[in-house]
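# Secondary and tertiary structure notes
Residues per chain are reported as follows:
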Amino acid sequence: MIHGPRYGGRGSRGPGGLALDAPGIRLREVDPRVYRQVLAFVRPYTGRLLLATFLMAVTALVSLAGPYLTKVAIDEFVARGDASGLNLVAAAFFATAVLNWLSSYGQTWVVSWVGQTVVCDVRSALFRHLQRLSFRFYDTTATGRILTRLTSDVDALNQLVSSGLVTLVADTLLLVAIMVTMLKMHVRLALVSFLTIPLIWAVLRFFQRRVRDAFREVRRTTADMNASLEESISGVRITQAFAREERNQEAFDSINEANRQANVHATAIWAMFFPAIDVVSALGVTLVLWYGGRLILGGDTGVTVGQVTAFILYLNRFFQPIRDLSQVYNLLQSAAVAAERIVEVLDQQPEVEDRPGAVALGRVRGEIRFENVTFGYKPGQPVVRDINLKALPGETVALVGHTGAGKSTLIQLLARFYDPWEGRILVDGRDLREVTQHSWRSQLGIVLQDTFLFSGTIRDNIRFGNPRASDEEVEAAARAVGADAFIRALPRGYDTEIGERGVTLSVGQRQLIAFARALCADPAVLILDEATANIDTYTETQIQEATRRLLQGRTAFVIAHRLSTIRQADRIYVIDNGRVVEEGTHESLLARNGRYAELYRSQFAGSDAAVAGESAETASRTALE
């Protein structure tokens, strides 16, 4: 069973799905395990982060020199008319600026490198994990929301590592250093300057929740928009076929407008925040000017014009880290949500996994047995019940029945995309759950009704299941299924780029390439699930002639609604409502005049006499034999 996050519980969750875009969380609500898993990606780069921290400390200390040198220049040299001393101070000021530039550049480059590398590692880990997850995860999770995890959520982590951590450490050091320097320079002026700190805290508290909620809504609406875009682009042909463009446009405009409003609302709140900080900053400068000026006018010898000037400069720098740290808090909020969403995906466990001690299959003979197999996609709702069937090595087994009877489910169980609730599936006498998935699936050739081709060349797509296949083997597979002629007629033959999902090819051509891809893999077991449904009669005849030779020595499972395509099958199983109701050859099942005969007759309506005649002929021939 696929588990959700063990620390979760927020939001709704479909069976085996994710609590995607659930109500927001606060930092204190995040399970510490989330941070530990994220830090595991950062830990390999601890040395570089320590170097960056050192450079941050240098930058913070050097930045303090400017106001102090300004004080020295005013009080020690300008007031006394000492030009040579002023030159030295100016040179020192320029030197500190250069050193500040070098240290800032170094820390930014190092942390950006770490941030981008961590992003690369996280995306690779997510992609690797997604490749392992079982079908049930994808049955219950929208593709657009998965893509959001790999893009915007990972980017949020990058911002935290490459910007947030730098700002957090550097500005904290700078803030503490400024406060200590101001206190050492003049205690009373420093305390007056610090009177604005409670006001800053009040502003931060006022905007904290509003900004967090606003940007959380932005992330939620962005995920909705991505999901809508992915679905609309993937289904554009159906949209146009049913003339749904305007309705779909209206639906997308509604989602897009919600995203726009969320962004505008977040920007409006954020736009008020910095001016509020600037007002408090101006108030602090006003207090220093007022109080410091009164001390100077009152004849206090402990206060100089240079000190007041330095305090104003320090105060301006004092508020900058506060502004930056407030942004870091929002980054932390955003990264906390993103981290939980990323870890939520990483927490998903494959439903189908290799058992400890699972063995790798050698080349199988192809004897397959279903023994009392029961399975369903939802608890308590079995799709197939107590299935018993067999295929001996080299036999072609056909599964027939009405739509929804459970035929494709049996194929998915055979490929071990799911495990049965009850019973077992044996290959050469060995339970599929006792062998590694790779060793079994690498011996399968599967052709589905809905053919999926990858962007690239025709040659690459045929070679997909057997990357080591030579050009000659690729072309031999294409010739075997009758695809060679149309491929060579293309502008670049086998090296023709077919575009995403093979959009430049017809449905029948894509199906032929899928056949060639399956055969090029040299499978021990061939699975054809409505594989000829989208092929014209002439092409179907070509494939039948080619596959009849190639199926020799291979076990094959065939699902076909066109019963005329399975007459030569060694065994035919009729599936009805999830159960096997009939078994036999084409002739014996017609002679029985049961469910198979009904299905056959329904496909040839208007020729009942012909069907009855074929049944009588079959019965007579059986009697003579």
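Residues numbered from 1 in each chain as written. Predicted model: local features only at pLDDT ≥ 70, side-chain atom pairs only at ≥ 80, totals over all residues. Heavy atoms only, no water.

## Regarding the overall build of the protein chain
Across its full length, the protein chain holds 20 helices and 10 strands. Looking at the protein chain as a whole, 47% of its 625 residues qualify as buried. Long-range pairs, those at least 24 residues apart, make up 77% of the contacts in the protein chain between residues at least 6 apart in sequence. (Helix = DSSP H or I, 4+ residues; strand = E, 2+ residues; numbered from the N terminus. Buried < 20%, exposed > 50% of the residue type's maximum accessible area, 1.4 Å probe, protein only. Contact = heavy atoms within 4.5 Å.)

## Let's talk about the sheet that holds strand 8 (residues 555-559)
Spatially, 6-7-8-3-9-10 is the arrangement adopted by the 6 strands of the open sheet, whose pairing is mixed. Lying at the two open borders of the sheet, with one neighbouring strand each, are strand 6 (444-448) and strand 10 (579-584). Each strand of the sheet is rotated relative to its neighbour by a mean of 15 degrees, with strand direction disregarded. Here strand 7 (residues 525-529) runs beside strand 8; their pairing, made up of 5 bridges, is parallel. When the bridges of strand 8 are listed, valine 525 appears paired with threonine 555. (Pairing = 2+ DSSP bridges. Axes fitted to C-alpha atoms, helices over the stretch in contact; angles between N-to-C directions.)

## So, the pairing of strand 10
One ladder, built from 5 bridges, connects strand 9 (residues 571-576) with strand 10; its direction is antiparallel. In the strand pairing of strand 10, aspartate 576 is matched with arginine 579. Counting the residues between successive antiparallel strands, the hairpin from strand 9 to strand 10 contains 2 residues, one of them, asparagine 577, with a positive phi of roughly 55 degrees.

## A short note on a negative patch on the surface
On the surface, a cluster of negative charge is contributed by Glu245, Glu246, Glu250 and Asp253. For glutamate 250, the location among the structural elements is in helix 9 (residues 245-297). (Patch = residues over 30% accessible without salt bridge, like charges linked within 9 Å, V, L, I, M, F, W, Y side chains within 5 Å. Areas by Shrake-Rupley, 256 points an atom, 1.4 Å probe, with all protein chains shown as cover. Salt bridge = Lys/Arg side-chain N within 4 Å of Asp/Glu carboxyl O. Lys, Arg positive; Asp, Glu negative; His and termini not counted. Charge placed at Lys NZ, Arg CZ, Asp CG, Glu CD.)

## A short note on the pairing of strand 7
For strand 7, the buried fraction is high: 5 of the 5 residues fall into the buried class. Burial of the side chains of strand 7 extends over both faces: Val525, Ile527 and Asp529 are buried on one face and Leu526 and Leu528 on the other. Relative to strand 7, strand 6 runs parallel, the two sharing 5 bridges. For glycine 445, the partnering residue across the bridge sits in strand 7 and is leucine 526.

## Observations concerning the nonpolar core
In this structure, Val400, Ile462, Ile487, Ile566, Ile572 and Tyr596 are the most contacted members of the largest nonpolar core, which totals 42 residues. Per-element accounting of this core gives the leading share, 8 residues, to helix 16 (residues 507-520). If we ignore the near neighbours within four places in the chain, the residues touching tyrosine 596 are Val400, Leu563, Ile566, Ile572, Val574, Glu582, His586, Leu589 and Leu590. Ile178, Val192, Val203 and Val303 belong to the second largest nonpolar core, which has 41 residues in total. (Core = buried A, V, L, I, M, F, W, Y, C linked by side-chain atoms within 4.5 Å.)

## Some thoughts on unusual backbone geometry
With phi around 50 degrees, aspartate 428 is a residue other than glycine that occupies positive phi space. Among the structural elements, aspartate 428 can be located in the loop between strand 4 (422-427) and strand 5 (430-431). Its relative accessible area of 27% is what places aspartate 428 among the partly exposed residues. One non-glycine residue, asparagine 577, lies in positive phi territory at about 55 degrees. Along the chain, asparagine 577 falls in the loop between strand 9 and strand 10.

## Brief notes about the packing of aromatic side chains
Throughout the structure, instances matching the rule amount to 9 aromatic pairs. Judged by centre distance (5.8 Å) and plane angle (15 degrees), the ring pair of tryptophan 101 and tyrosine 105 falls under stacked. Of the two residues, tryptophan 101 and tyrosine 105 are both situated in helix 3 (residues 83-132); the distance of 4 residues between them amounts to about one turn of the helix. With centroids separated by 6.4 Å and ring planes inclined at 40 degrees, the aromatic side chains of tryptophan 290 and tyrosine 291 adopt a geometry described as tilted. Here the aromatic cluster, defined as three or more aromatic residues joined through ring pairs, consists of Phe375, Tyr377, Tyr418 and Trp421. (Phe/Tyr/Trp six-rings, centres within 6.5 Å; stacked < 30°, edge-to-face > 60°.)

## With respect to a nonpolar patch on the surface
Nonpolar side chains collect at one region of the surface, where Phe94, Val98, Trp101, Leu102, Tyr105 and Trp109 lie side by side and expose about 720 Å² of accessible area between them. Among the secondary structure elements, tryptophan 109 is positioned in helix 3. Residue tryptophan 109 is classed as partly exposed on the basis of its relative accessible area of 47%.

## A short note on helix 9
In this model helix 9 runs 76 Å from its N-terminal to its C-terminal C-alpha over 53 residues, within 8% of the 78 Å that 1.5 Å per residue would give. Backbone geometry just after helix 9 places glycine 299 at a positive phi near 85 degrees. (Expected span 1.5 Å × (residues − 1).)

## Notes on empty space enclosed by the protein
Inspection of every chain in the model, using the stated rule, returns 1 cavity of 30 Å³ or more. Approximately 40 Å³ is the volume attributed to the largest cavity. As for the largest cavity, its lining consists of Leu413, Arg416, Tyr418, Asp419, Pro420, Arg424, Ile425, Asp431, Leu432 and Arg433. In terms of residue class, the lining of the largest cavity is made up of 5 nonpolar, no polar and 5 charged. (1 Å grid on protein atoms, 1.4 Å probe; cavity = no way out; pocket = protein on both sides within 12 Å on 5 of 7 lines; lining within 4 Å. Points joined across faces, edges and corners; volume = space filled by probe spheres on them. Nonpolar A, V, L, I, M, F, W, Y, C, P; charged D, E, K, R; others polar.)

## Notes on the sheet that holds strand 4
The 4 strands are arranged 2-1-4-5 in an open sheet whose pairing can be described as antiparallel. Looking at strand neighbours, the two that pair on one side only are strand 2 (384-391) and strand 5, the edges of this open sheet. Relative to strand 2, strand 1 (residues 368-375) is paired through 5 bridges, and the arrangement is antiparallel. Note that in strand 2 the partner of valine 373 across the bridge is isoleucine 387. Helix 11 (residues 407-414) rests against strand 1, strand 2 and strand 4 of the sheet, and its axis sits at about 115 degrees to strand 1.

## A few points about the environment of serine 439
Checked against the element boundaries, serine 439 lands in helix 12 (residues 437-441). A relative accessible area of 8% means that serine 439 is categorised as buried. Counting along the chain gives 77 residues from serine 439 to glycine 362, while the straight-line C-alpha distance between them is 7.4 Å. The residues contacting serine 439, other than those within four sequence positions of it, are Val359, Ala360 and Leu361.

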